[in-house]
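Tertiary structure, described
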Amino acid sequence: MTVNEKLEQLRTLMKEENIDVYYIPSDDFHGSEFVSDYFKEREYMSGFTGSAGTLIVTMEKAVLYTDGRYFLQAEEELKDSEIELYRDGSKDVPSINEYLGAVLNSKMTLGFDGRCMTAAKVLGIQKFFESQEKEIQIQAAVDLPEKIWTDRPKLPDSRAFVLRAEYSGKSYLDKLVKVRDEMKKKNADTFVLTSLDDIAWLLNIRGDDVKCSPLVLSNLLITRKQVIFYCGTGEKDDKKLSNIYDYLISNEIVVRDYFAIYEDLTQIEGKVVLADFDKINFTVYELLKDRQVIDVVNPTTVLKAVKNQTEIKNMREAHIKDAVAYVRFLKWFKEQMKSGQQMTELDVAAKLLEERSKMEHFVSESFEPIVAYGAHGAIVHYSPDEDSNCCLGNQSFVLIDTGAHFLEGTTDITRTLVCTKCSEEERQNYTLVLKGNLALGSAVFKQGTTGSSLDMLARKPLWDRGMDYNHGTGHGVGYLLNVHEGPNAIRYRVGSGKNISVPMKEGMITSNEPGLYLAGKYGIRIENMILCKKKEENEYGTFLEFETLTLVPFDLDAIDKSLLSAEEITQINDYHRRIYHTIGKYLSDEERKFLKQITAEI
């Protein structure tokens, strides 16, 4: 079926259910950023393949909201459908709630699958309509796309495994003590935990239920005396549980069927419940609303953001492995370009995966690879497929944003490479982005400084020239978990409520990724992982700094030295010298000679 035919079927079902507006988010049952194929209803119904977006369908119109990362991609993918693109956050574009307010009058009905809508999202919609003095009806128990999607994939059933102590650094029981301490501080009897990365971190388990995210589809209830894990069928012979069942039972964890949580929530112990409304779904919230529910950032989210010493040691090792693989890829890439050998974006992605796969303890890519040549680079989260894949030319840039999961941790790196030659304008803009990366990576700041305070360091070289990029400068990175995790982030918007910008803490690992995107021309992004660590403590307080974990050279062919200060030149040379001395010993003589060339002093 075409997208328009699917929408017509949806409208027929809406009439049958007396629904005036139907809302299709990108979420799964757990508020995840990336979801398994089973949950990609918004993609199925709209044809838009980006990871973030909301489809809203009325009887007369369909609109899709997405953010700045995906404007160009969405414009291309929606062009053959009736769906109108709404560029979220742009001037004169109403917010989602404002749009709903325009198409819904009192007594009209908004429908959605409550399991795929976070509690915070629905409560925000209800609060908005209260402010408008409109009383709308909510129908949250209807999964209408399910009736249209006849060949829908099944729920994922990967086999989970236990992450051993030499990788996790802390036992499940040690982590559980910390979580229960946080519950006691809030006088909570029960903690409802549904976010997949938090569950995996706490239990020290991993899986493969979400592509590029080693997670296990599950839920967790923690009381003061009991822990209940909802996964698979709950039986020992279930494929998903077979490798971890004995481990769970030995740790006195009760194992139940994945969907049994919805029944158990009506019978949980005590009256005070801890839950993160940005993570639990609306169906879960509805089952809890007769109790006192405290909305907080999951204690597990805050605890796992600060890596322990084992995790930090391992993450350094993961980045060394990644750098070795990347330098081997760079040698191949430069040789291909020099010889005029034709290669496509998908060839580049495949070669990087090939080199990473050779490294010991490689698990998977940490997200879908972004390899974007020329104008494709201006599409912030463009990923090539068979339809969009293009050959690399002998000019401009190719933007390569990729990463890997190893048992030792997770990497995320972006390098923008010159394809034989680039223009003076391209070199100038590359250098401006590089200056921002250097400024943030070398920052020294007092304890208590937030990511929103640091963001301007990365943007200033661009802001000085009236330019900017439409995404955050940095995100937290999980340890063999989600490549994007909170609460640490670097962005100039402060946030609000419990999601306000948090102070950087020792042990947090965050990305440093300024960029610049010129529609129809090219894109530039330079991304390193940075570890927050203590620099010194004196009469003025405690000062922190960043250690750059990523060990891959910048492209010297893209740098306009005239725009660099003496300090910045020293920073680049010191970084490249460190790279050579750290990873050179893992390379062959020929590879080491190549590395010497691409880390030469400027």
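Refer to the preceding data block for the structure.
Before going into details, it helps to say that this report is about the structure given with it. (Residues numbered from 1 in each chain as written. Predicted model: local features only at pLDDT ≥ 70, side-chain atom pairs only at ≥ 80, totals over all residues. Heavy atoms only, no water.)

**Looking at the packing of helix 8 (residues 172-185) against helix 9 (residues 196-203)**
At their nearest, the axes of helix 8 and helix 9 sit 7 Å apart, and the two run at 120 degrees to each other. The angle between helix 8 and helix 9 falls in the class oblique. Contacts between helix 8 and helix 9 pair Tyr172, Lys175, Leu176 and Val179 from the former with Trp201, Leu202 and Leu203 from the latter. Of the residues belonging to the contact of helix 8 with helix 9, the class tally is 6 nonpolar, no polar and 1 charged. (Axes fitted to C-alpha atoms, helices over the stretch in contact; angles between N-to-C directions. Helix = DSSP H or I, 4+ residues; strand = E, 2+ residues; numbered from the N terminus. Parallel < 35°, antiparallel > 145°, perpendicular 65-115°, else oblique. Contact = heavy atoms within 4.5 Å. Nonpolar A, V, L, I, M, F, W, Y, C, P; charged D, E, K, R; others polar.)

**Looking at the environment of Cys532**
Residue position: Cys532 is located in strand 27 (residues 528-538). When its relative accessible area of 1% is taken as the criterion, Cys532 is described as buried. Separated by 23 residues in sequence, Cys532 and Ile509 have C-alpha atoms that sit 6.4 Å apart. Once residues within four sequence positions are removed from consideration, Cys532 is found in contact with Phe445, Met504, Lys505, Glu506, Gly507, Met508, Leu544, Glu545 and Phe546. (Buried < 20%, exposed > 50% of the residue type's maximum accessible area, 1.4 Å probe, protein only.)

**Some details on helix 17 (residues 451-463)**
For helix 17, spanning 13 residues, the distance from its first C-alpha to its last is 18 Å, which sits close to the expected 18 Å at 1.5 Å a residue. The largest bend in helix 17 amounts to roughly 35 degrees and is located at Leu457, with the proline Pro461 lying one to four residues further along. Of all the positions in helix 17, only Gly451, Ser452, Leu454, Asp455, Ala458, Arg459, Pro461 and Leu462 are classed as buried. Contacts made by the buried residues of helix 17 are with helix 16 (424-441), strand 21 (444-446), strand 23 (485-490), strand 25 (515-518) and strand 28 (541-548). (Expected span 1.5 Å × (residues − 1). Bend = angle between axes of the 7 residues up to and from the residue.)

**Remarks on the packing of aromatic side chains**
In total, this model carries 22 aromatic pairs according to the counting rule given. Taken together, a centroid distance of 6.5 Å and an interplanar angle of 65 degrees make the contact between Phe29 and Phe259 edge-to-face. Linking Phe29 in the loop between strand 1 (21-24) and helix 2 (41-46) with Phe259 in the loop between strand 12 (253-256) and helix 11 (261-264), this pair joins segments that are 230 residues apart in sequence. Residue classification places Phe29 among the buried residues on the basis of a relative accessible area of 3%. Residue classification places Phe259 among the partly exposed residues on the basis of a relative accessible area of 35%. An aromatic cluster of at least three residues, connected via ring pairs, comprises Phe29, Tyr38, Phe39, Tyr258 and Phe259. (Phe/Tyr/Trp six-rings, centres within 6.5 Å; stacked < 30°, edge-to-face > 60°.)

**Looking at a negative patch on the surface**
A contiguous patch of negative charge, built from Glu368, Asp385, Glu386 and Asp387, is present on the exposed surface. Here Glu368 is to be found in the loop between strand 15 (362-365) and strand 16 (370-373). Looking at Glu368, the relative accessible area reads 47%, which means it is partly exposed. (Patch = residues over 30% accessible without salt bridge, like charges linked within 9 Å, V, L, I, M, F, W, Y side chains within 5 Å. Areas by Shrake-Rupley, 256 points an atom, 1.4 Å probe, with all protein chains shown as cover. Salt bridge = Lys/Arg side-chain N within 4 Å of Asp/Glu carboxyl O. Lys, Arg positive; Asp, Glu negative; His and termini not counted. Charge placed at Lys NZ, Arg CZ, Asp CG, Glu CD.)

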